[in-house]
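The lines below spell out each chain.
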Amino acid sequence: GDALAAHIVLTGFWVLGALETAVSLAAAYAGERQQFGRPIGSFQAIQWRLSDLAVSSSALAELAAFTLARLIDSTVTRADLFSLRLQMLESAKATLADAHQVFGAIGLCEEHDLAVIDRHLQGALRRPAGSERTGLLLADRVRAEGYDSLYPVGPTVTA
């Protein structure tokens, strides 16, 4: 097996678990925290944030499951792996930012459990490359090999 592929897929699921916990914490907080006599989750701005949280983490869940299936049946490509890593980075950025904003809706700056999750994810999110470098690596692989997806992209032919 390919150790790098397994590492990227497992890291994707590990980050997904952390993001799902962040979503749960934010949703619970929005339901419990009272502002102006009602839960902050009843305010439209918080509802939008909670929706964004759910969509962002579910995007990672779908792609992680798809990439795992391709890994298991030995059809995974480097483009699949870079795509998963890029989605993981984008989902983490969006989910963590929105979760912090839900907690910060009333000025809470250091949300203990969420802050701990965020800090523990930083190594996986920063190494070996961030979003920009991962995106460039993905573009290189797509040009070289193509990308088999809902809308397949063939490799770029150079003369």
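The sections below set out a description of the structure shown in this document. (Residues numbered from 1 in each chain as written. Predicted model: local features only at pLDDT ≥ 70, side-chain atom pairs only at ≥ 80, totals over all residues. Heavy atoms only, no water.)

1. Considerations on the packing of aromatic side chains
Applying the stated rule across the entire model yields two aromatic pairs. Aromatic side chains Phe36 and Phe43 sit 6.4 Å apart centroid to centroid with 80° between the ring planes, which places their arrangement in the edge-to-face category. Classification of Phe36 as exposed rests on a relative accessible area of 72%. (Phe/Tyr/Trp six-rings, centres within 6.5 Å; stacked < 30°, edge-to-face > 60°. Buried < 20%, exposed > 50% of the residue type's maximum accessible area, 1.4 Å probe, protein only.)

2. Digging into the pattern of salt bridges
This model, assessed by the stated rule, comprises six salt bridges. Arg78 is the partner of Asp2 in a salt bridge, and the nearest nitrogen-oxygen pair spans 2.9 Å. Residue Asp2 is located in the segment before helix H1 (3-32), and its partner Arg78 is located in helix H3 (residues 78-103); the two are separated by 76 residues in the primary sequence. Residue classification places Asp2 among the partly exposed residues on the basis of a relative accessible area of 32%. Since its relative accessible area comes to 31%, Arg78 is described here as partly exposed. Ionic pairing is found between Glu145 and Arg141, a salt bridge with its closest N-O pair at 3.1 Å. Residue Glu145 and its partner Arg141 are located together in helix H5 (residues 131-145), separated by four residues, close to a single helical turn. Relative accessible area serves as the criterion here: at 26%, Arg141 is assigned to the partly exposed category. Via salt bridges that share partners, Arg70, Asp80 and Asp148 belong to a single interconnected network. (Salt bridge = Lys/Arg side-chain N within 4 Å of Asp/Glu carboxyl O. Helix = DSSP H or I, 4+ residues; strand = E, 2+ residues; numbered from the N terminus.)

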